[in-house]
Amino acid sequence: MSTLEQVTQDRADAAEGAAPEAERTEPRTDPEKVRLEWIASLTDPATFRYLEQIGVGQGWHCAEVGAGAGSVARWLSSRVGQFGTVLALDTETSHMEGLSAPNLEIRRQDITRTPLEKGAYDLVHAKILLMHLEERERVLGEFVAALKPGGYLLVEEADIRSIQRTDPPSPLLTRAASALETFFYFGGADPGYGMKLLPAVRRTGLKVLGTDCQLTAVQAGTPAVQTVSMSLAKLAPMIVKAGLMGQQEVDAAFELLEKPSDMVVYTPVTVSVWGRAEPGEGPRGGTGA
């Protein structure tokens, strides 16, 4: 295990209140779950505001695609009540262990292979998902097709290029951020898709009701910087293997982020767009009932 990976594991354990190594009897904390929870802690407050503005309420049938650690699915479950339903989808559902409610279904599903049921949902929500998919435009269209007449779509996507900015300037961190961006392109992802989201939603024919973006400044050495440092740690082995950075450079960049200082780094910009399908005739249930 590299220095970077070891520190990341230690930070994940600390965040979960894990016992020291000599006292540990339970499996180690999953750093990916901790990373997802940190991202949620920064982005969910805005997501919940948008969902409240949309008017999610009792009896709605909702799909949460790319549910991650399940924080939005949990919120939706509490809003739709006993007559509503929430379907939480992800290709990896282990991060939602312990999340349970009578109106909540957790399902392992690859949305690129198995789309949502057509015309079934009052709300479809996805966050920081489409940017990772090569066929993102097709999947976005399938989200719209899954809406009931009058149903709502809320999609939120990142533009990671903002993390190249630091104050004071750090050529090393800028290089690390650039390496992350390049690696995303290598894998068929679009690291700047957040900036393309609004016109992409308009092209589906959905009526756009609102758009917003959020950008958070985090200080080196603080817990919140894990939204950046743990993403670097996750991809570091592949960045090194691809020759985009050396292991010593990656470790040095990670140390800059983890060491308390006055340095401030931007998190990725998150762009949110929400819209509504045209209302249809007759009873619909949920948003149209």
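The following paragraphs examine the structure supplied in this document. Since we're looking at a predicted model, the values are computed, not measured.

1. Brief notes about the sheet that holds strand β6 (residues 166-167)
No. 1: Pairing in this open sheet of three strands is antiparallel, and the strands run β6-β9-β8 from one edge to the other. In this open sheet, the two strands that pair with only one neighbour each are β6 and β8 (217-219).
No. 2: For β8 and strand β9 (residues 264-266), the ladder comprises three bridges, and the chain directions are antiparallel. What sits directly across from Val218, in β9, is Val265.

2. What about the packing of aromatic side chains?
No. 1: If you walk through the whole model with that rule in mind, you get three aromatic pairs.
No. 2: Here Phe48 and Trp75 contribute two aromatic rings whose centre-to-centre distance is 5.0 Å and whose plane-to-plane angle is 5°, an arrangement assigned as stacked. Taken together, the residues span a long stretch of sequence, with Phe48 in helix α2 (residues 31-54) and Trp75 in helix α3 (residues 71-80) at a distance of 27 residues.
No. 3: Overall, the relative accessible area of 18% leaves Phe48 in the buried class.
No. 4: Between the NZ or CZ atom of Arg136 and the centre of the ring of Tyr193, over which it lies, the distance is 5.5 Å.

3. Thoughts on unusual backbone geometry
No. 1: Of the consecutive residues Asp167 and Pro168, the connecting peptide bond is found in the cis state with omega at 0°.
No. 2: Checked against the element boundaries, Pro168 lands in the loop between β6 and α5 (171-186).
No. 3: In this model, Ile128 sits at a positive phi of 50°, which is unusual for a non-glycine residue.
No. 4: With respect to the secondary-structure elements, Ile128 resides in the loop between β4 (121-127) and α4 (136-145).

4. Thoughts on the pattern of salt bridges
No. 1: Under the criterion given, the structure shown has 15 salt bridges.
No. 2: Among the ionic pairs, Asp44 bridges to Lys127, the shortest N-O distance being 2.6 Å. With Asp44 in helix α2 and Lys127 in strand β4, the pair connects residues that are 83 residues apart, well separated along the chain.
No. 3: For Lys127, a relative accessible area of 13% translates into the label buried.
No. 4: For Arg79, the salt bridge is made with Glu52, and the minimal N-O distance between the two is 3.9 Å. Of this pair, Arg79 sits in helix α3 while Glu52 sits in helix α2, and the two are 27 residues apart along the sequence.
No. 5: Where salt bridges share partners, they join Glu32, Arg35 and Lys234 into one cluster.

5. What to know about the nonpolar core
No. 1: Counting residues in hydrophobic clusters, the biggest one holds 59 residues, and the most contacted among them are Leu116, Val124 and Phe143.
No. 2: The dominant element in this core, judged by the number of residues it contributes, is α5, at seven residues.
No. 3: Residue contacts for Leu116: discarding those within four places in its chain leaves Ala63, Val65, Leu87, Leu89, Ile111, Tyr121, Val124, Phe143 and Ala146.
No. 4: Counting residues in hydrophobic clusters, the runner-up holds 23 residues, among them Ile54, Ala67, Trp75 and Met96.

6. What about helix α7 (residues 226-241)?
Note on helix geometry: an α-helix contains 3.6 residues per turn, so any two residues three or four positions apart are oriented the same way.
No. 1: Taking 1.5 Å of rise per residue, the 16 residues of α7 would be expected to cover 22 Å, and the 23 Å separating its terminal C-alpha atoms lies within 8% of that figure.
No. 2: Along its length, α7 shows its largest kink, about 50°, at Leu235, and proline Pro237 lies within four residues downstream of that point.
No. 3: Here α7 has its buried residues at Gln226, Thr227, Val228, Ser229, Met230, Ser231, Leu232, Ala233, Leu235, Ala236 and Ile239.
No. 4: Positive backbone phi, at 80°, marks Gly243, one or two positions downstream of α7.

Rules of the game
Residues numbered from 1 in each chain as written. Predicted model: local features only at pLDDT ≥ 70, side-chain atom pairs only at ≥ 80, totals over all residues. Heavy atoms only, no water. Pairing = 2+ DSSP bridges. Helix = DSSP H or I, 4+ residues; strand = E, 2+ residues; numbered from the N terminus. Phe/Tyr/Trp six-rings, centres within 6.5 Å; stacked < 30°, edge-to-face > 60°. Buried < 20%, exposed > 50% of the residue type's maximum accessible area, 1.4 Å probe, protein only. Lys NZ or Arg CZ within 6 Å of the ring centre and 35° of its normal. Salt bridge = Lys/Arg side-chain N within 4 Å of Asp/Glu carboxyl O. Core = buried A, V, L, I, M, F, W, Y, C linked by side-chain atoms within 4.5 Å. Contact = heavy atoms within 4.5 Å. Expected span 1.5 Å × (residues − 1). Bend = angle between axes of the 7 residues up to and from the residue.

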